[in-house]
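Read off the chains here:
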Amino acid sequence: MFRIVSDSYELKNLILTTNLEFSKWGSVFTDEQMAAAMIDDRLAHHGHLLMAGGRSYRMKHAFMRQDAVVEPAS
C-alpha cells in the first residue's frame, strides 16, 4: 500500500475509503512510522478528507437480517 501511494504521489489521483481512523493504521501496516509517513507526507499533503456521518448502511442491514424471522420451507 505504501508503495502504491508513494508511486502515485503528485502524479495520479487516488481515492481511498476506510472505516478505520488514521491512529489505528499503524496496527494494520505493522509499522507506526511507515503509516504516519504515508498519511502525513503523501495522503494529507495535497489530499482532501471527506468524513461521512450517520449510521453505517452495512451495520443497519446486518441488524435487520438478525431480526428477520426465517420461515421453514414447505
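Parameters at a glance
- Residues numbered from 1 in each chain as written.
- Predicted model: local features only at pLDDT ≥ 70, side-chain atom pairs only at ≥ 80, totals over all residues.
- Heavy atoms only, no water.
- pLDDT = per-residue confidence, 0-100.
- Helix = DSSP H or I, 4+ residues; strand = E, 2+ residues; numbered from the N terminus.
- Patch = residues over 30% accessible without salt bridge, like charges linked within 9 Å, V, L, I, M, F, W, Y side chains within 5 Å.
- Areas by Shrake-Rupley, 256 points an atom, 1.4 Å probe, with all protein chains shown as cover.
- Salt bridge = Lys/Arg side-chain N within 4 Å of Asp/Glu carboxyl O.
- Buried < 20%, exposed > 50% of the residue type's maximum accessible area, 1.4 Å probe, protein only.
- Core = buried A, V, L, I, M, F, W, Y, C linked by side-chain atoms within 4.5 Å.
- Contact = heavy atoms within 4.5 Å.

Describing the confidence of the model for the protein chain
Within the protein chain, residue pLDDT values average 78, and 84% of them lie at 70 or more. Looking across the protein chain, the model is least confident in helix H4 (residues 57-67), with a mean pLDDT of 70, and most confident in helix H3 (residues 32-43), with 85.

Thoughts on a nonpolar patch on the surface
On the surface, a nonpolar cluster with roughly 360 Å² of combined accessible area is contributed by Met 1, Ile 4, Leu 14 and Leu 16. The topology assignment puts Leu 16 in the loop between helix H1 (2-8) and helix H2 (25-29). On the basis of relative accessible area, Leu 16 is assigned to the partly exposed category, the value being 39%.

Re the nonpolar core
Val 5, Trp 25, Phe 29, Ala 35, Met 38, Ile 39 and Leu 43 together form the largest nonpolar core, which totals seven residues. When residues of this core are traced back to their parent elements, those giving at least two are H2 and H3. Per-element accounting of this core gives the leading share, four residues, to H3. Beyond its immediate stretch of four places on either side in the chain, Trp 25 contacts Thr 18, Leu 20, Ala 35, Met 38, Ile 39 and Leu 43.

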